[in-house]
Amino acid sequence: MSNPAQPICIIGSGLAAYTLIREYRKINAEHPITLVTQEAGDFYSKPMLSTAIAGQKSAEQLVTSPATKMAEQFNLVIHTHTTVKQIDPAHQKISVMSNNGQSFDIEYSQLVLALGADQIRIPMNGNASHEVQTVNDLQDYARFRKQLDGKKKVVILGAGLIGCEFANDLASGGYHVELIDLADQALSRLLPKPIAQALEQRLSSLGVLWHLGVSIQSVSHDGDQLQVILTNGEVIQADLVLSALGLAPRIQLAKEASITTNRGIVVNRQLKTNLQNIYSLGDCAEVEGHVLPYVMPIMQAARTLATVLAGQEASLAYPAMPVMIKTPALPLIVSPPPIGSTGSWSINELEDGIEGLFHNDRSELIGFALAGSATSQRANLTKLLPPILGST
Ligand SMILES: Cc1cc2nc3c(=O)[nH]c(=O)nc-3n(C[C@H](O)[C@H](O)[C@H](O)COP(=O)(O)OP(=O)(O)OC[C@H]3O[C@@H](n4cnc5c(N)ncnc54)[C@H](O)[C@@H]3O)c2cc1C
């Protein structure tokens, strides 16, 4: 049984955790909240990580509110640099271990898993494959930025949202960038080919070189540099290799506690898992088949879950939520059609922009991709899209 005197315990200190706390404190200023995080617990905007190199921003400069201030502002107990090792749903407690080796248990009345997602890695050969970087949090960013010091050439594996944003940012910051993707175009899951080609051209004009339809076979030391061998046999030299292949929800901790998982941690419209008093939101969660690792869905989910945790009724709805891709070389806004949709793209060339509209077989607009001047159509077109999850 739940002991209401125990704190609400939240695992994670990313946007999902802190937005939930902000929303919950609007309803209940008093109930104890304990937050446990592997990180330093400072609040920062993760989307800034792929736009901060050109502006020479340090990791410290990206912090908008340190953990101590968050604790004070929102009346929290925060355990930083502490990893949750196990959830014990029967006794409503979690077992944690801090970086200095201390182990202890924390009891909860309600538990929220806001665990985020890991960058996907693929196996590679070569004696430097372990040196391939990923940037998924502030600490990664600090390390990557330090390693860039005095270096010139970065190879990026993955021309998706994060890969293209880093390519634009690094090229604007004066680095030589080569971008590799198995697909035959940039942003293959989000853009129709003509808009992808326009992006490729704009990034090429910043000096970015493209290797499409291939992947990396091996990364090896070659003097002071790295030698990258592609699957087509081509060899390129680099100072650093960054992998940006997309995200995999962190589900292992939940799985080990018999919480239902699929691609993400499975929750209903109240963000509740199959186990009593355990909830999940953010990049690790899956709602009715949707894993949406973006800011806007987190805002929606946090408002709903705050209401539910406060004992009131609420049900999650997702309107259409277009995503801005931060490639200043060609600004983009996308709202991709649902995976598996049938239909076709129509492409309209505008002055200094391209509008891509995806209609289904019944001629209904179900997705769009806007480039350059066409991004001004965002609000009008969003109103025409069906919701991702309609109201219940
Ligand atoms: C480079 C980059 C650019 C992006 N740009 C955009 C953008 O332009 N627009 C957009 O909408 N989205 C963007 N996103 C996605 C967006 O940033 C994420 O959806 C969002 O930040 C995820 O927040 P989260 O709280 O779910 O996860 P995270 O921020 O990953 O937080 C997870 C937290 O859980 C903690 N944790 C995990 N496991 C444990 C454990 N066992 N014990 C203790 N703590 C644990 C971690 O330490 C971390 O604090 C971008 C993402 C990246 C990486």
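Rules and cut-offs
- Residues numbered from 1 in each chain as written.
- Predicted model: local features only at pLDDT ≥ 70, side-chain atom pairs only at ≥ 80, totals over all residues.
- Heavy atoms only, no water.
- Pairing = 2+ DSSP bridges.
- Helix = DSSP H or I, 4+ residues; strand = E, 2+ residues; numbered from the N terminus.
- Axes fitted to C-alpha atoms, helices over the stretch in contact; angles between N-to-C directions.
- Near = heavy atom within 4 Å.
- Polar contact = N/O pair within 3.5 Å; in protein donor to acceptor, adjacent residues only side chain to side chain.
- Areas by Shrake-Rupley, 256 points an atom, 1.4 Å probe, with all protein chains shown as cover.
- Contact = heavy atoms within 4.5 Å.
- Buried < 20%, exposed > 50% of the residue type's maximum accessible area, 1.4 Å probe, protein only.
- Phe/Tyr/Trp six-rings, centres within 6.5 Å; stacked < 30°, edge-to-face > 60°.
- Lys NZ or Arg CZ within 6 Å of the ring centre and 35° of its normal.
- Core = buried A, V, L, I, M, F, W, Y, C linked by side-chain atoms within 4.5 Å.
- Salt bridge = Lys/Arg side-chain N within 4 Å of Asp/Glu carboxyl O.
- Patch = residues over 30% accessible without salt bridge, like charges linked within 9 Å, V, L, I, M, F, W, Y side chains within 5 Å.
- Arc of directions from axis to C-beta.
- Domains from an automatic or database assignment.
- Parallel < 35°, antiparallel > 145°, perpendicular 65-115°, else oblique.
- Left-handed = near helix turned anticlockwise from the far one by under 90°.

### Examining the sheet that holds strand β16 (residues 235–238)
Then, in step 1: Taken together, three strands build an open sheet; the order of strands is β14-β15-β16 and the sheet is antiparallel. Either end of the sheet is taken by a strand with one partner, and the two such strands are β14 (216–222) and β16. Here the strands of the sheet are splayed against their neighbours by 25° on average, with no regard to which way each runs.
Then, in step 2: Across six bridges, β14 lies against strand β15 (residues 225–230) in antiparallel orientation. Bridge assignment links Ser 218 to a residue of β15, and that residue is Ile 229.

### Quick look at the site of the ligand
Then, in step 1: Of all residues adjacent to the ligand, which total 31 residues, the nearest are Glu 39, Lys 46, Asp 283, Val 295 and Lys 326.
Then, in step 2: At 2.9 Å, a backbone N or O of Ala 16 approaches an oxygen atom of the ligand.
Then, in step 3: Within the backbone of Ala 114, one N or O atom sits 3.3 Å away from an oxygen atom of the ligand.
Then, in step 4: Look at the ligand: alone it shows 1,000 Å² of surface, and the protein chains cover 94% of it.
Then, in step 5: Looking at the shell around the ligand, the elements with two or more residues in it are α1 (15–27), β6 (82–88), α5 (161–172) and α8 (295–309).
Then, in step 6: In terms of residue count, the dominant contributor to the shell around the ligand is β6 (three residues).

### Some details on the sheet that holds strand β11 (residues 153–157)
Then, in step 1: What the four strands build is an open sheet, ordered β13-β12-β11-β17; its pairing is parallel. The open sheet terminates on both sides in strands that have one partner only, identified here as β13 (209–212) and β17 (240–243). Shown here is a sheet whose adjacent strand axes are inclined to one another by a mean of 20°, direction ignored.
Then, in step 2: Where β11 and strand β12 (residues 176–181) come together, five bridges link them in parallel fashion. Each bridged residue has a counterpart across the sheet, and for Val 154 the counterpart in β12 is Val 177.
Then, in step 3: Sitting on the sheet, helix α4 (residues 138–148) touches β11 and β17, and the angle it makes with β17 is about 155°.

### Some points on the side chain of Gln 133
Then, in step 1: Among the secondary structure elements, Gln 133 is positioned in the loop between β10 (117–119) and α4.
Then, in step 2: Judged by relative accessible area, which is 7%, Gln 133 ranks as buried.

### Points about the packing of aromatic side chains
Aromatic ring pairs: the centre-centre distance and the angle between the two ring planes describe each pair.
Then, in step 1: Following the criterion strictly, the structure yields three aromatic pairs and no others.
Then, in step 2: With 6.1 Å between their ring centres and 80° between their planes, Phe 144 and Phe 166 make a pair best called edge-to-face. Linking Phe 144 in helix α4 with Phe 166 in helix α5, this pair joins segments that are 22 residues apart in sequence.
Then, in step 3: Looking at Arg 22, its charged tip hangs above the ring of Phe 43, at a distance of 5.8 Å from the centre.

### Some thoughts on the nonpolar core
Then, in step 1: Counting 46 residues, the largest nonpolar core has Phe 144, Ile 156, Leu 170, Leu 187, Leu 191, Leu 199 and Leu 332 as its most contacted members.
Then, in step 2: The dominant element in this core, judged by the number of residues it contributes, is α5, at six residues.
Then, in step 3: Residue contacts for Leu 191: discarding those within four places in its chain leaves Gln 185, Ala 196, Leu 199, Leu 332, Val 334 and Ala 369.
Then, in step 4: Core analysis: the second largest hydrophobic core is formed by 36 residues, Ala 16, Tyr 24, Val 267 and Val 287 among them.

### As for the pattern of salt bridges
Then, in step 1: A full pass over the atoms with the stated rule returns ten salt bridges.
Then, in step 2: The salt bridge partner of Lys 326 is Glu 165, with a shortest N-O separation of 2.8 Å. A residue pair is termed long-range when its members are at least 10 positions apart, and Lys 326 in the loop between β22 (323–325) and β23 (332–335) and Glu 165 in helix α5 qualify at 161 residues.
Then, in step 3: Residue Glu 165 is classed as buried on the basis of its relative accessible area of 1%.

### A closer look at a nonpolar patch on the surface
Then, in step 1: Together, Ile 120, Ile 122 and Leu 245 make up an exposed nonpolar region whose accessible area comes to about 190 Å².
Then, in step 2: With respect to the secondary-structure elements, Ile 122 resides in the loop between β10 and α4.

### Some thoughts on helix α3 (residues 67–74)
Then, in step 1: Along α3, the residues classified as buried are Ala 67, Met 70, Ala 71 and Phe 74. End-on view of α3: buried residues confined to an arc of 100°, all on one side of the axis. Exposed residues on α3 whose side chains face more than 90 degrees from its buried face are Thr 68 and Glu 72.
Then, in step 2: Those residues of α3 hidden inside the fold are in contact with α1, β3 (43–44), β4 (63–65) and β5 (76–79).
Then, in step 3: One or two residues past the end of α3 sits Asn 75, with phi positive at roughly 55°.

### Some points on the domain arrangement of the chain
Then, in step 1: Domain boundaries in the chain define domain 1 (8–117 + 248–309), domain 2 (121–243) and domain 3 (331–384).
Then, in step 2: Placing a centre on the C-alpha atoms of domain 1 and another on those of domain 3 gives a separation of 33 Å.

### Here we look at the packing of α1 against α8
Then, in step 1: Running from N to C, α1 and α8 cross one another at 40°; their axes reach a closest spacing of 8 Å. The orientation of α1 relative to α8 falls into the category oblique. Here α1 runs over α8; the crossing is right-handed. Residues Leu 15, Ala 16, Thr 19, Leu 20, Glu 23, Tyr 24 and Ile 27 of α1 touch α8, and the partners they reach there are Val 295, Ile 298, Met 299, Ala 302, Arg 303, Leu 305, Ala 306, Thr 307 and Leu 309.

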